[in-house]
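Reading the structure
What follows is the residue order along each chain.
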Amino acid sequence: MKRIKIFAPATVANLSCGFDVLGCCLDTVGDEMIISITSEPGVRITKLEGADLPLETKKNVAGVAVEALLDNYSEKVGVDIEIFKKIKAGSGIGSSAASSAGAVWAVNHLLDNPFTNHKLIEFAMEGEKLASGNAHADNVAPALLGGFTLVRSYKPLDVIKLHTPQDLVMTVIHPQIEVKTSDSRSVIKQKVTLKQAIHQWGNVGGLISGLFTEDYDLIGRSLEDVIIEPMRSILIPEFQNVKNAAIARGALGCGISGSGPSIFSLCKGMEAANNVANAIEEVYAKTGLEFDIHVSKINSEGIKIIE
Ligand code: ADP
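Residues numbered from 1 in each chain as written. Predicted model: local features only at pLDDT ≥ 70, side-chain atom pairs only at ≥ 80, totals over all residues. Heavy atoms only, no water.

**Structural notes on the side chain of Ser-262**
As for its placement among the helices and strands, Ser-262 is situated in the loop between strand E8 (253-256) and strand E9 (263-268). Within the structure, the side chain of Ser-262 is placed 2.8 Å from the backbone oxygen of Ser-91, a separation counted as a polar contact. (Helix = DSSP H or I, 4+ residues; strand = E, 2+ residues; numbered from the N terminus. Polar contact = N/O pair within 3.5 Å; in protein donor to acceptor, adjacent residues only side chain to side chain.)

Structure, rendered in structure tokens:
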């Protein structure tokens, strides 16, 4: 039996201006998974610790994603999956994506890499479809490719790995309230004005240019979302106060992580990121709500083998 233990990273999707298209991969936050190839065909979730999630293959994103991979694989093999959840479901830092991307990456590795990481994105997206009803790639792409990624097109799928400036550090606060992706999608209006669109695509271009040229000021100026954030931020307690505190303490930018309730701040350097973490903590300590704060460098590698 071939077996591997992996670290399946958390990810921050959207990055303010890039709804459904931009994302980046974290280094210090993530799940662990043990994946085994067995001779008994079929996909089984044999262990799930740290969260109350379905063990049934077709109801667990990891199971669905691996089934999608095996449907495209020529030989009949079996897969056993053990999941050790550290990222809470519905946190907005890619809990479902970590499981689906981690599972397909590990199976592919154990089968001697018949698929490219870009192809694995498509299989992992089947897991995202199960989690939120929408096969989005903005979390699974950075988990699988590492660093910052852009989904240039969904049909056909065209994902591009962007450059990661070395000094970027992410501070994320996760208020312990559950906002389901499906709920936070329902508050979004389906129409945008041309004025909003112009504003937004200027920022997307600016952010990508800033990443490649390592222009931290440009990255900061571009971390602005005039379309989704005004609608979604109402679901997140203290959003504006957190944002104001983060920017005042030196964050380049601050916005909703994925569909929330997590809030991300992108900072230049570890010291700034820790200062921002302290500032945000002060804001949230007053609310009486439970919360976690993570400070993480950008993980330009993605999923990692740990055993
Ligand atoms: P996140 O933004 O943190 O990924 P989502 O709301 O998109 O959160 O996904 C969580 C949903 O996916 C929950 O409804 C959860 O029950 C479902 N789910 C199924 N399998 C898993 C899994 N292995 N890990 C996380 N969530 C899962």
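Once you've had a look at it, read on.
**Brief notes about the pattern of salt bridges**
Side chains that differ in sign of charge can pair as their charged atoms come close. Going through the model one piece at a time under the given rule, you end up with 14 salt bridges. Residues Glu-56 and Lys-59 are paired through a salt bridge, measuring 3.6 Å at the closest nitrogen-oxygen approach. Classification of Glu-56 as partly exposed rests on a relative accessible area of 47%. Close ionic contact of Glu-229 with Lys-243 constitutes a salt bridge, the shortest N to O distance being 2.7 Å. (Salt bridge = Lys/Arg side-chain N within 4 Å of Asp/Glu carboxyl O. Buried < 20%, exposed > 50% of the residue type's maximum accessible area, 1.4 Å probe, protein only.)

**A word on helix H10 (residues 270-285)**
Residues separated by three or four positions in an α-helix point in the same direction, a consequence of the helix having 3.6 residues per turn. An ideal rise of 1.5 Å per residue puts 22 Å on 16 residues; H10 measures up with 22 Å between its terminal C-alpha atoms. Residues of H10 that are buried: Ala-272, Ala-273, Val-276, Ala-277, Ala-279, Ile-280, Val-283 and Tyr-284. Packed against the buried residues of H10 are strand E7 (168-175), helix H9 (239-248), E9 and strand E10 (291-297). (Expected span 1.5 Å × (residues − 1). Contact = heavy atoms within 4.5 Å.)

**Observations regarding the nonpolar core**
Within the largest apolar cluster, 72 residues are counted, with the highest numbers of intra-cluster contacts made by Ile-35, Ile-81 and Met-170. The biggest single contributor to this core is helix H2 (residues 95-110), with nine residues. Discounting chain neighbours no more than four positions away, the residues touching Ile-35 are Lys-2, Arg-3, Ile-4, Val-79, Asp-80, Ile-81, Ala-103, Ala-106, Val-107 and Leu-110. The next biggest cluster of nonpolar side chains, apart from the first, holds 19 residues, and it includes Val-169, Ala-246, Ile-263 and Cys-267. (Core = buried A, V, L, I, M, F, W, Y, C linked by side-chain atoms within 4.5 Å.)

**So, the sheet that holds E8**
Strands belonging to one sheet form pairs held by backbone hydrogen bonds; the direction of such a pair is parallel or antiparallel. Pairing is antiparallel in the open sheet, where four strands are placed in the order E8-E9-E7-E10. Edge positions in the sheet fall to E8 and E10, since each has one partner strand and no second. Pairwise comparison of adjacent strand axes, ignoring direction, gives a mean angle of 20° for this sheet. With four bridges connecting them, E8 and E9 associate as antiparallel partners. Residue pairing across strands places Ile-256 opposite Ile-263, the latter belonging to E9. Lying over the sheet, H9 contacts E7, E8 and E9, oriented at roughly 160° with respect to E8. (Pairing = 2+ DSSP bridges. Axes fitted to C-alpha atoms, helices over the stretch in contact; angles between N-to-C directions.)

**Description of the packing of aromatic side chains**
Enumeration over the complete set of coordinates arrives at two aromatic pairs. Between Phe-115 and Phe-123 the ring centres are 5.0 Å apart and the planes differ by 80°, which places this aromatic pair in the edge-to-face class. You can call Phe-115 buried: its relative accessible area is 13%. Measuring from ring centre to ring centre gives 5.7 Å for Tyr-284 and Phe-291, while their planes differ by 65°; the resulting arrangement is edge-to-face. A relative accessible area of 23% places Phe-291 in the partly exposed class. Note that Lys-5 overlies the ring of Phe-84, its terminal NZ or CZ placed 6.0 Å from the centroid. (Phe/Tyr/Trp six-rings, centres within 6.5 Å; stacked < 30°, edge-to-face > 60°. Lys NZ or Arg CZ within 6 Å of the ring centre and 35° of its normal.)

**Description of the packing of H9 against H10**
Where H9 meets H10, the closest approach of the two axes is 8 Å, and the angle between their N-to-C directions is 150°. Between H9 and H10, the interaxial angle falls into the category roughly antiparallel. Seen along the crossing, H9 lies across H10 with a hand that is right-handed. Across from Asn-241, Val-242, Ala-245 and Ala-246 in H9, the residues of H10 making contact are Val-276, Ala-279, Ile-280, Val-283 and Tyr-284. Partitioning the contact of H9 with H10 into residue classes produces eight nonpolar, one polar and no charged. (Parallel < 35°, antiparallel > 145°, perpendicular 65-115°, else oblique. Left-handed = near helix turned anticlockwise from the far one by under 90°. Nonpolar A, V, L, I, M, F, W, Y, C, P; charged D, E, K, R; others polar.)

**Things to note about the side chain of Ser-100**
Here Ser-100 shows up in helix H2. In this structure Ser-100 comes out as buried when scored by relative accessible area, which is 0%. Once residues lying within four places of it in the same chain are set aside, the contact partners of Ser-100 are Val-61, Ala-62, Ala-65, Ala-124, Gly-127, Glu-128 and Val-140.

**Things to note about H9**
Buried residues of H9: Phe-239, Val-242, Lys-243, Ala-245 and Ala-246, and no others. Seen from one end, H9 has its buried residues packed into an arc of 165°, which puts them on one side. Next to the buried residues of H9 lie E7, helix H8 (229-232), E8, E9 and H10. (Arc of directions from axis to C-beta.)

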